[in-house]
Amino acid sequence: TTNKIALFPADDLPEGEIRAETLPNGDVIAVYNVEGTFYATQDQCSHGEASLAEEGDLCGKFVECSWHFGTFDVTTGEPGLTPCEIPLKTYRASVEDGKVCVEY
Ligand code: FES
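Residues numbered from 1 in each chain as written. Predicted model: local features only at pLDDT ≥ 70, side-chain atom pairs only at ≥ 80, totals over all residues.

**Student:** So what's going on with the nonpolar core? Which residues, and what values?
**Tutor:** In terms of nonpolar packing, the biggest core is built from 22 residues, with Ile18, Ala30, Val31, Tyr32, Ala40 and Val63 touching the most fellow members. Listing elements by their share of this core, those giving two or more residues are strand 3 (28-34), strand 4 (37-42), helix 1 (52-55), strand 6 (62-65) and strand 10 (99-103). For this core, the element with the highest residue contribution is strand 3, accounting for 4 residues. The residues contacting isoleucine 18, other than those within four sequence positions of it, are Ala30, Val31, Tyr32, Leu52, Ala53, Gly56, Leu58 and Val63. (Core = buried A, V, L, I, M, F, W, Y, C linked by C-beta atoms within 7 Å. Buried ≥ 20, exposed ≤ 12 C-beta atoms within 10 Å, placed from the backbone. Helix = DSSP H or I, 4+ residues; strand = E, 2+ residues; numbered from the N terminus. Contact = placed C-beta atoms within 7 Å.)

Shown next, in the form of structure tokens:
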């Protein structure tokens, strides 16, 4: 089964910003506002131990991990620039009643 949780008001995360959240199942995720659309991936970079919410910079739909400057497409989780090679786990995100929700 799929669970869904409302995390925070959509207005709290401006365009181009990232924030970390912990889901009830213990997964730590990064939530991104890409030009008004919200996406979510695992928070930990798949190359190292970096938190993408803390260490990442969002540029368009790509997050750049500041540890080694690898990138991911946050809309799909696919790796972009090296050294990132392993896709990120993604979570379906939506806005309902003004709140950002994710499925897990
Ligand atoms: Fe993220 Fe190396 S830890 S690119």
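Next comes the rest of the write-up.
**Student:** So what's going on with the sheet that holds strand 1 (residues 4-9)? Which residues, and what values?
**Tutor:** What the 3 strands build is an open sheet, ordered 1-10-9; its pairing is antiparallel. Every interior strand has two partners, whereas the edge strands, strand 1 and strand 9 (93-96), have only one. Taken pair by pair, the neighbouring strands of this sheet meet at an average axis angle of 35 degrees, ignoring direction. In the sheet, strand 9 pairs with strand 10 via 4 bridges, with the strands oriented antiparallel. Bridging across to strand 10, alanine 93 finds its partner in valine 102. (Pairing = 2+ DSSP bridges. Axes fitted to C-alpha atoms, helices over the stretch in contact; angles between N-to-C directions.)

**Student:** How would you sum up the sheet that holds strand 4? Please name residues and give values.
**Tutor:** Spatially, the 4 strands line up as an open sheet ordered 2-3-4-8, and their pairing is antiparallel. Here the strands that pair on one side only, and so sit at the sheet edges, are strand 2 (18-22) and strand 8 (90-91). Bridge count between strand 4 and strand 8: 2 bridges; the pairing is antiparallel. Bridge pairing in strand 8 links threonine 41 to threonine 90.

Function cannot be read off these values alone, since they describe shape.
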